[in-house]
Amino acid sequence: MSPWIIAGFVGAGLVGLGLYALVVNAQPLRKLLAFNLIGSGVFLVFGIVARRGAVGPFPFDPVPQAMVITGIVVAFAASALAVALMLRFAEETGRVTLDPDVWTKPKPDDGAEDQ
Amino acid sequence: MTPAETTTAGGALLVLAILLPAAGILASFALGGRNAEKIALGSAPLALLIALAILAEVWRSGRPIVYAIAGLSPPLGIALRADGISAAMLVTTALIIPAAGLYARAGFATPPEKRESRKALTFWIMLQAISAALAIVFVSGDLFNLYVALELLTFAAVPLACVEGRAETYAAALRYLLFALFGSIFYLLGCALLYGAFGTLDIALLAERMRPLPAVTAAAALMTAGLLAKTALFPLHIWLPPAHANAPAPASAVLSGLVVKGSFFLTVRLWFYVLPALPAAGFDAILGALGSAAVVFGSVLALRQARLKLLIAYSTIAQIGYLFLIFPLASGLHPWTVDGWNGGMMQVLAHAFAKAAMFLAAGLLYESLGHDKIAKFSGAARAMPMTFLTLGLGGLSLMGLPPSGGFAAKWLLLRASVASGQWFWALVLLAGGLLAAGYVYRILAPALSSHPVVLKAPPRRAGEAIALTLALVAVALGFAPESFFQLIAIGRPGLATAGLP
Amino acid sequence: MILFDLGLAVLVLGVAAWTIAAREMFSAVVGYVAYGLLLAIVWVRLYAPDVALTEAAIGSGVTGVLLVVASKRLSLLPQADAPPGRGLKRAAAALSVLVAGVLAAAVLTLPDPAPSLAPEADRELAATGLGNAVTAVLIAYRSFDTMLEKVVLVLAVVGVWSVAPDRFWGGRPAPLGPPRPDAALVFLARVLAPIGIVIGVQMFWVGADEPGGAFQGGAILAAMAMIVMMARLTEPPRIDSGRLRLALIAGPAVFLVVGLAGPLMAGSFFAYPAGFAKPLILFIEGFMVLSIAVTLPLLVAGPPSRKGEE
């Protein structure tokens, strides 16, 4: 069993774990953590593809590796934006939840009584 | 090397279509303050010229125009490609973005006492970012480059959804962001598998090398799931109504009219350009069924909304549903796929203009009445006839009544479903039209009463004119000449062999 | 080595599962940082030293600081959510197992021999004057991606700032450290920062030929800036500073201008003139290092939360 096959299982496992956590957790920071787990699993799949692309003197295919570097930077930027939104929302409301009913329910003055 | 891989005449226009708004973003941020607005509006005519030049060149040459970036052909390099649908979407974007921008001048001007304001800087930068991201989505020929475009679109759209800065907008934007990130990471996972199978992410090369492998089926499913989350197709739609309804009107117009079309466009690219060789009857039927569910579910919820902006947002969910009928009705090599394709693409354009117009009109109503509660619209049509005319014309297209782009779209889809014997989709089209008539009636009926109404402020004439113009374009699309349908067939694989009508 | 790889795999998955299961948000985040470092080792085993450096610096390090700060601030608030129901857990588990299973099967059945662009990438390498093929992909063959990704970073900064209260626009982000930082941290910052700056610049410089490059070098410089700010030796800058804005856009702007000049110099957008490619690439990378080094700490610092004078 070569390292890339093991890494393949790790990548698939990470995507699965992350997906589970993303669905089960309502806390946005936990969802963000889950997103980052999925992300690293996806990057590993690129890494495996790069390693499998070893030909002759070249130990890896550089193209998928470069894509991972771009991906890691973008994922960080996304995490930063998500954290900023979370903290601001928490600051405004004093709570930490993404319960959809909080904002889809009409507010008392929102015209529901007019129907 | 296939001919599609080298730069063609006019190819440089594709790079410029992307770099113009990209440079605008950087300049707006560096110079700051009022410059952002000036740059965003000042560059819009140029963007429209570029889009029209691309359209003219695609039409003249009758085939896609291509640019190999850095002179390096795929698979090592990235190629940009614009075909008929790219050109049509670029022009649509180049019209709707400046319309939203001109409308937004009143609400997003930097206050005179300040050098720079948060709202204005964010809005004008993100508006240009949406132009840049959509330009890439429409012309890029490389799936990883398109991933970067999807991220660009997310980073532009999410701050627009919460630029008003109220608590509920932050919650809506955060949920939007989490769905969008889920979408892009699954899309990216599919890219990894496709690269692993074929050693390229260039759309044309992938189509050439395509063969059925387990990795390809997995990639198709993962990428589609990701793109559906971004397009807000039922049942992955829950993020859309709060995000679109709580954004300021010009932002809603762009988000609902254009941004969701970006990920839909990529879904079409994936299935009709990358994977046409894949036997996918099951996938087509699933996408059609989800679209149908979206039509019914979105329309029924739209009927029940108390606020106009939420109603329009739920209507977007329904109208997105129609788009996905393109998968069962335009796949394969049957003669009726021409109608299915034309109808689906017409729906993209008609909904873009109609929905942008309606959100702008809803914004004007909010400004003048101080609320957007439908039950309290009594008599408002007399005070704001132009605004309600806009809502009515936009609604005409949503219902699919003639004459309108929406009618043309639904008529073509109906013809395709009858010709192909797929009666179920015809039922969905008819039911969706009736439900849309219901929710449009709900907006207009109370407003047309003679109830006296006091406006907080007279409607902005310029804003009304912009919204009405967009609605008139949606209507005018109903008179699209045959050459329009010839244009959107340019470069579509498989269509030529099916034969044009 | 198989045993090492297997052990590493179990460890990575175990720590990942632990970050999900941990009750305290803070311990979950700390677990995530450890997880990132373990992942860097996996990348080394996949012959991807450039990725390993990026993962360690950005994926684990800078992201770690961001999440730690967030979890600390959020932990002060009441947690409003009920625990997930059993039905939801089961459905989520079924979905996850399905997706992971399909993915593993897809990866294991990828065609042999695997397709590769390594020979092509190597063939073009001479024209760029570079020795590191990954850097060549990032700055030459797929430079268009990289330039756009730099624009994404600018948008991320605007997006993060855009959640600020209006009254603080133009002011400074919150300090990264406590009012009276630990003496040890201050000492560390004074000693570490100069060394880190040298390492960061070195990593960017050698990245042309060896593992490293603008991303990794910029990330190390960013980490140094963050340590200095945590020690309160300097404060996050005012967001309306013209020099700051220029530093943030320098990377993408220089990249874009050089790309636009391509048709004049080398006949194509984003092409480099023969024989002059390497100096031009290093020129672009220099500005990218600057932009990354400024962008990452600002993304961690968050939106402005006080007036500039404070």
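Residues numbered from 1 in each chain as written. Chains lettered and ligands numbered in written order. Predicted model: local features only at pLDDT ≥ 70, side-chain atom pairs only at ≥ 80, totals over all residues.

The number of helices and strands found in chain C is 11 helices and two strands. For chain C, the α and β elements follow one another from N to C terminus as α-α-α-α-α-α-α-β-α-α-α-α-β. Reported as C-alpha extents along the three principal axes, the dimensions of chain C are approximately 60 × 60 × 35 Å. For chain C, with 310 residues in total, the buried portion stands at 52%. For chain C, restricting intrachain contacts to residue pairs at least 6 apart in sequence, the fraction spanning at least 24 positions comes to 74%. (Helix = DSSP H or I, 4+ residues; strand = E, 2+ residues; numbered from the N terminus. Buried ≥ 20, exposed ≤ 12 C-beta atoms within 10 Å, placed from the backbone. Contact = placed C-beta atoms within 7 Å.)

What follows covers unusual backbone geometry. Most peptide bonds are trans, and most residues other than glycine sit at a negative phi. Following phenylalanine 234 of chain B, the chain continues to proline 235 of chain B via a peptide bond in cis, the omega torsion being 0 degrees. By the element assignment, proline 235 of chain B lies in the loop between α8 (214–231) and α9 (240–246). Going from aspartate 112 of chain C to proline 113 of chain C, the amide bond is cis rather than trans, its omega being -5 degrees. Mapped onto the secondary structure, proline 113 of chain C falls in the loop between α4 (86–108) and α5 (118–128). Positioned with a positive phi, tyrosine 47 of chain C is a non-glycine residue whose angle comes to about 55 degrees. Owing to 18 C-beta atoms within 10 Å, tyrosine 47 of chain C belongs among the partly exposed residues under this scheme. Unusually for a residue other than glycine, arginine 232 of chain C sits at a positive phi of about 60 degrees.

With that settled, the discussion passes to the domain arrangement of chain C. All names here are of chain C. According to the domain assignment, chain C consists of domain 1 (1–72) and domain 2 (118–310). Taken over C-alpha atoms, the centre of domain 1 sits 23 Å from the centre of domain 2. Facing the 11 residues of domain 1 at the interface are 13 residues of domain 2. Among the residues forming the side of domain 1 that touches domain 2, the class breakdown is eight nonpolar, two polar and one charged. (Domains from an automatic or database assignment. Nonpolar A, V, L, I, M, F, W, Y, C, P; charged D, E, K, R; others polar.)

Here we come to the pairing of strand β2 (residues 79–82) of chain B. Residues and elements named next belong to chain B. Here β2 shows a buried face lined by Ala79 and Arg81 and a second buried face lined by Leu80 and Ala82. As paired strands, strand β1 (residues 65–68) and β2 are joined by four bridges and run antiparallel to one another. For isoleucine 65, the partnering residue across the bridge sits in β2 and is alanine 82. (Pairing = 2+ DSSP bridges.)

What follows deals with the interface of chain A and chain C. The interface is formed by 67 residues belonging to chain A together with 80 residues belonging to chain C. Elements supplying a minimum of two residues to the side of chain A that touches chain C: α1 (3–24), α2 (28–52) and α3 (62–93) of chain A. A class-by-class count of the residues in the side of chain A that touches chain C yields 48 nonpolar, 14 polar and five charged.

Before going further, it helps to spend a moment on the confidence of the model for chain C. This prediction gives chain C a mean pLDDT of 90; 97% of its residues lie at or above 70. At the level of chain-chain contacts, confidence expressed as ipTM amounts to 0.95, with global pTM at 0.94. (pLDDT = per-residue confidence, 0-100.)

A few words now on the nonpolar core. Formed by 391 residues in total, the largest nonpolar core has its most connected members in Leu81 of chain A together with Ile54, Ile130, Leu152, Ala161, Phe353 and Leu360 of chain B. Split by domain, the residues of this core number at least three in each of domain 1 (1–72) and domain 2 (118–310) of chain C. Those residues in contact with isoleucine 130 of chain B that lie beyond four places of it in its chain are Ile97, Leu153, Ala156, Ala157, Val254, Leu258 and Val259 of chain B. (Core = buried A, V, L, I, M, F, W, Y, C linked by C-beta atoms within 7 Å.)

What follows is about the interface of chain C and chain B. Listed as interface residues are 48 residues of chain C and, on the opposing side, 45 residues of chain B. Examining the composition of the side of chain C that touches chain B, we find that 12 residues originate from one element, helix α7 (residues 143–161) of chain C, more than from any other. Here the residues of the side of chain C that touches chain B are counted per class, giving 32 nonpolar, eight polar and eight charged.

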